[in-house]
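Each chain, written out:
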Amino acid sequence: MNDSQAPEPGAEGQRCGLIAIVGKPNVGKSTLINALVGQKISITSRKAQTTRHRIMGIRTRDRAQFVFVDTPGFQTRHGSALNKSLNKAVLGAVSDVDLVLFVVEAGSFSLQDATVLSLLKSDIPALLVANKLDTVHRRAEIAPWLKSMQERHPFAEFVPMSARKPADVERLLDLIERYLPEQPWWHAEDELTDRNERFLVSETVREKLFRLTGDELPYTSTVVVDQFKEEPSPRHGRFVRIAATIVVERDGHKAMVIGEKGERLKRIGSEARQELERLMQAKVFLELWVKVRSGWADDAARVRSFGYE
Ligand SMILES: Nc1nc2c(ncn2[C@@H]2O[C@H](COP(=O)(O)OP(=O)(O)OP(=O)(O)O)[C@@H](O)[C@H]2O)c(=O)[nH]1
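These remarks concern the structure in this document. As the structure is a computational prediction, the values presented were derived from the model and not from experiment.

**Digging into the overall build of the chain**
- Of the regular secondary structure elements, the chain holds nine helices and nine strands.
- Of the contacts made within the chain by residues no fewer than 6 positions apart, 71% connect residues no fewer than 24 positions apart.

What follows is the structure, encoded as structure tokens:
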């Protein structure tokens, strides 16, 4: 797909390609990409619209290297600057890839699914991933539903599955592999993501933030990493000093994040620190701040400055 990365000779039989994962919010895209890549890199939550970045996850298995793009849920309800930027990210994703995984909940197809489906180009092969099959109790209804999906788009394959079942995930990888062009790998075998550790920090804090505040906190809350400094440490090998700010929209949200006597913020910080220490294999010092910045979701310039483009 990318001429500047033209295949080098001598990598016989290697396959490598870009795969976009698209679908409306909450169909299980993050869960799927985590399972496909084999390590947690993208946050999942019961809350819709938690995935705002395009995340690259890389899986190398046997002779194939799968480079995944996790796109945000396609937003049809609101027209704010944030959502426009999300839509752009989705549009970017469906055009420049070797394969698209179009994820829906097995047995269901809504107007929102149709909107995302309408973005797929007919010249890029697409697999229909009918996810959450484990929640479908009347399996007999799946066959006619699959047939109806056949009429909606010329899908290359139909894959009823559950992102939570490892065997299903491996079977999906087998299918995807056939659509990857024969060319040398772009990344080292052990590379998981091309996102840097600063990004890992904001994603990890954001995950804890949403998990520990439940459904009360709007998805527009975000995390900005102000400082990321690696310091020499004879005792710990690696020592990283991090300061990050949780940006919320209202005073009420700030109080919610901080919690009684600062308990909740403390817990967000300590859970994030522990996870980061494990992921980065370093001793981490994490300092968290909470700031109110009202209305940023509607301000195009600010959305850009937070890195959503
Ligand atoms: N039962 C079941 N639940 C699943 C499956 N896959 C994902 N889920 C759940 O569905 C919910 C949404 O999953 P996510 O992976 O966050 O969905 P997403 O499509 O990335 O959502 P956005 O980030 O909002 O776009 C989570 O509670 C998952 O645990 C599955 O195969 N079976």
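Moving on from the coordinates now.
**A word on the environment of arginine 206**
- Checked against the element boundaries, arginine 206 lands in helix H6 (residues 197-213).
- A count of 23 C-beta atoms within 10 Å places arginine 206 in the buried class.
- Counting along the chain gives 15 residues from arginine 206 to serine 221, while the straight-line C-alpha distance between them is 8.5 Å.

**With respect to the sheet that holds strand S9 (residues 283-292)**
- One open sheet holds the three strands; their spatial order is S7-S8-S9, and the pairing between them is mixed. Edge positions in the sheet fall to strand S7 (222-233) and S9, since each has one partner strand and no second. Ignoring which end each strand starts from, the neighbouring axes of this sheet average 15° apart.
- As paired strands, strand S8 (residues 237-248) and S9 are joined by 10 bridges and run parallel to one another. Considered in S9, the bridge of arginine 241 is made with phenylalanine 285.
- Running at roughly 155° to S9, helix H7 (residues 251-258) makes contact with S8 and S9 of the sheet.

**Focus: unusual backbone geometry**
- Positive phi outside glycine occurs at aspartate 62, with the angle close to 50°.
- Residue placement: aspartate 62 occurs in the loop between strand S2 (55-61) and strand S3 (64-70).
- Its identity is not glycine, yet lysine 261 carries a phi of approximately 55°, on the positive side.
- Within the element layout of this structure, lysine 261 appears in the loop between H7 and helix H8 (263-280).
- The class for lysine 261 is exposed, based on 8 C-beta atoms found within 10 Å.

**Quick notes on the environment of arginine 171**
- Residue position: arginine 171 is located in helix H5 (residues 166-177).
- On a C-alpha basis, the gap between arginine 171 and methionine 161 in space is 9.3 Å, while along the polypeptide they are 10 residues apart.

**Here's the deal with the packing of H6 against H8**
- For the pair H6 and H8, the least separation of the axes is 9 Å and the interaxial angle reads 140°. Here H6 lies oblique to H8, going by the angle between them. Seen along the crossing, H6 lies across H8 with a hand that is right-handed. Only Arg264, Arg267, Ile268, Glu271, Ala272, Glu275, Leu276, Leu279 and Met280 of H8 make contact with H6, whose side of the interface consists of Glu197, Leu200, Val201, Thr204, Val205, Lys208, Leu209 and Leu212.
- Its residues assigned to classes, the contact of H6 with H8 shows 10 nonpolar, one polar and six charged.

**Thoughts on helix H1 (residues 29-37)**
- In terms of burial, H1 is largely enclosed, as eight of its nine residues are buried.
- Taken together, the buried positions of H1 are Lys29, Ser30, Leu32, Ile33, Asn34, Ala35, Leu36 and Val37.
- Two residues or fewer after H1 comes glycine 38, characterised by a positive phi angle close to 90°.

What counts, and where the lines are drawn
- Residues numbered from 1 in each chain as written.
- Predicted model: local features only at pLDDT ≥ 70, side-chain atom pairs only at ≥ 80, totals over all residues.
- Helix = DSSP H or I, 4+ residues; strand = E, 2+ residues; numbered from the N terminus.
- Contact = placed C-beta atoms within 7 Å.
- Buried ≥ 20, exposed ≤ 12 C-beta atoms within 10 Å, placed from the backbone.
- Pairing = 2+ DSSP bridges.
- Axes fitted to C-alpha atoms, helices over the stretch in contact; angles between N-to-C directions.
- Parallel < 35°, antiparallel > 145°, perpendicular 65-115°, else oblique.
- Left-handed = near helix turned anticlockwise from the far one by under 90°.
- Nonpolar A, V, L, I, M, F, W, Y, C, P; charged D, E, K, R; others polar.

This is a description of form; function is not addressed.
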